[in-house]
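# Architecture and fold: a report
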Amino acid sequence: MRDPRHGPLVAMLLVLTVVTGLVDALSYLALGHVFVANMTGNVIFLGFALAGAPGLSARASLAALAAFLAGALAGGHLARRRPAHRGRLLVLTVAVQSALFAGCALLAAAFGHTAEPVRYTLIGVLGGAMGLQNAVVRALKVPDLTTTVLTMTLTALAADRAGPRRLASAAWMFAGALLGAVLVLHAAVPVALAAALALLLAVAALTHHASGHPAAPWTHPDPGPDPGR
């Protein structure tokens, strides 16, 4: 997984993939069968809900979609404002995410997560945080590591029969989903949010440390062509 073109970004984006699996497990299991990172699922859930499928909420899917798009809009603006150093861009993004996750953990600890105002607040804030992440990860341009979407990753893995990052991305998202489900089902929602927050803080700290060498090739917005992975 070592790659001088992308340096620590490969490992850091894999950790963010774990966060994606964890937070989607939390939102689906605890916030009413809705995703805050996987928007493909929400579009499908919205169709099911409008058709009258039980256990699904069109309002929740729409809230997640709207929040995700708002976060992605902010992430795109951030990436355009700070394009010169990929490490610092990621640190700033994850710092914002960490603040949002910390607020969600405190909210869930103080008021629970089942009351509708709290539930929709959690969906909105977490959806916005994941939209922010997606937009910035897209700007970082590390091949095969979107941190959220696995359909094309798995297709490429099977069709090309190559790519350790692709396999790692699927495995780490599975690990995040498993961890999130265990924490939600056997601990509590604030604990799951705290675990996601801990991972985000680790990404911020490690990337900040690695960013102390601004001349490193991986920090540049265009690290050059990426050979076979």
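In the block above lies the structure referred to throughout.
Below you will find a few notes about this structure. (Residues numbered from 1 in each chain as written. Predicted model: local features only at pLDDT ≥ 70, side-chain atom pairs only at ≥ 80, totals over all residues. Heavy atoms only, no water.)

### Things to note about the packing of helix 1 (residues 9–30) against helix 5 (residues 116–140)
Remark: helix 1 packs on helix 5, axes separated minimally by 12 Å, with the N-to-C direction vectors making an angle of 155 degrees. Considered as vectors, helix 1 and helix 5 are oriented roughly antiparallel to each other. Of the two possible hands of crossing, helix 1 and helix 5 adopt the one that is left-handed. Each of Leu-9, Leu-13, Leu-16, Thr-20, Val-23 and Leu-26 in helix 1 lies in contact with helix 5, whose residues at this interface are Leu-126, Met-130, Gln-133, Val-137 and Leu-140. For the contact of helix 1 with helix 5, the class distribution of residues is 9 nonpolar, 2 polar and no charged. (Axes fitted to C-alpha atoms, helices over the stretch in contact; angles between N-to-C directions. Helix = DSSP H or I, 4+ residues; strand = E, 2+ residues; numbered from the N terminus. Parallel < 35°, antiparallel > 145°, perpendicular 65-115°, else oblique. Left-handed = near helix turned anticlockwise from the far one by under 90°. Contact = heavy atoms within 4.5 Å. Nonpolar A, V, L, I, M, F, W, Y, C, P; charged D, E, K, R; others polar.)

### Let's talk about the side chain of Asn-42
With respect to the helices, strands and loops of the structure, Asn-42 is situated in helix 2 (residues 39–50). In this structure Asn-42 comes out as buried when scored by relative accessible area, which is 0%. In this structure, Asn-42 is in contact with Val-34, Phe-35, Val-36, Ser-61, Ala-64 and Leu-65, ignoring residues within four places of it in sequence. (Buried < 20%, exposed > 50% of the residue type's maximum accessible area, 1.4 Å probe, protein only.)

### A word on the nonpolar core
In this structure, Leu-26, Leu-90, Phe-101, Leu-126, Leu-140 and Leu-193 are the most contacted members of the largest nonpolar core, which totals 57 residues. Among the secondary structure elements, those contributing two or more residues to this core are helix 1, helix 2, helix 3 (58–81), helix 4 (86–111), helix 5, helix 7 (164–186) and helix 8 (189–210). The dominant element in this core, judged by the number of residues it contributes, is helix 1, at 12 residues. Setting aside residues up to four positions removed in sequence, Leu-26 forms contacts with Leu-31, Leu-126, Val-184, Val-189, Ala-192 and Leu-193. (Core = buried A, V, L, I, M, F, W, Y, C linked by side-chain atoms within 4.5 Å.)

### Digging into helix 1
Taking 1.5 Å as the rise per residue, helix 1 with 22 residues should run 32 Å; its terminal C-alpha atoms sit 31 Å apart, in good agreement. With 19 of its 22 residues buried, helix 1 lies for the most part within the structure. A positive backbone phi angle near 100 degrees is found at Gly-32, which sits one or two residues after helix 1. (Expected span 1.5 Å × (residues − 1).)

### Considering the environment of Ala-37
Mapped onto the elements of the fold, Ala-37 is located in the loop between helix 1 and helix 2. Each C-alpha atom of the pair Ala-37 and Met-130 lies 5.5 Å from the other, and the pair is 93 residues apart in sequence. If near-sequence neighbours (up to four positions away) are discounted, Ala-37 is found in contact with Thr-20, Asp-24, Phe-68, Met-130 and Thr-148.

### Some thoughts on the packing of helix 3 against helix 5
The contact between helix 3 and helix 5 brings their axes to 6 Å, and the two run at 35 degrees. In the packing of helix 3 onto helix 5, the handedness of the crossing is right-handed. Residue classes in the contact of helix 3 with helix 5 are distributed as 16 nonpolar, 8 polar and 3 charged.

### Digging into the packing of aromatic side chains
What characterises a pair of aromatic rings is the spacing of the ring centres plus the angle enclosed by the ring planes. Within this structure, the stated rule accounts for 3 aromatic pairs. Within the aromatic cluster, the residues linked to one another by ring pairs are Tyr-28, Phe-35 and Phe-45. (Phe/Tyr/Trp six-rings, centres within 6.5 Å; stacked < 30°, edge-to-face > 60°.)

### Focus: the environment of Gly-131
Here Gly-131 is to be found in helix 5. Other than its neighbours up to four places away in sequence, Gly-131 contacts Phe-68, Gly-71 and Ala-72.

### Description of helix 3
The end-to-end C-alpha distance of helix 3, which contains 24 residues, comes to 35 Å, matching closely the 34 Å that a straight helix rising 1.5 Å per residue would cover. Every buried residue of helix 3 is listed here: Ala-60, Ser-61, Ala-64, Leu-65, Ala-67, Phe-68, Gly-71, Gly-75, Gly-76, Leu-78 and Ala-79. Where helix 3 is buried, its residues contact helix 2, helix 4 and helix 5. The N-cap residue of helix 3 is Ser-57: its side-chain oxygen and the backbone nitrogen of Arg-59 are 3.3 Å apart. (Polar contact = N/O pair within 3.5 Å; in protein donor to acceptor, adjacent residues only side chain to side chain.)

### Comments concerning unusual backbone geometry
For Lys-141, which is not a glycine, the phi torsion comes out positive at approximately 60 degrees. By the secondary structure assignment, Lys-141 is in the loop between helix 5 and helix 6 (151–160). The phi dihedral of Asp-144 falls on the positive side, at around 70 degrees, and the residue is not glycine. You can call Asp-144 buried: its relative accessible area is 18%.

### Description of the pattern of salt bridges
Scanning the model with the defined rule gives 2 salt bridges in all. For Glu-116, the salt bridge goes to Arg-59, with nearest N and O atoms at 3.1 Å. Residue Glu-116 is found in helix 5, and its partner Arg-59 is found in helix 3; the two are separated by 57 residues along the sequence. In this structure, the salt-bridge partner of Arg-166 is Asp-144, at a minimum N-O distance of 3.1 Å. (Salt bridge = Lys/Arg side-chain N within 4 Å of Asp/Glu carboxyl O.)

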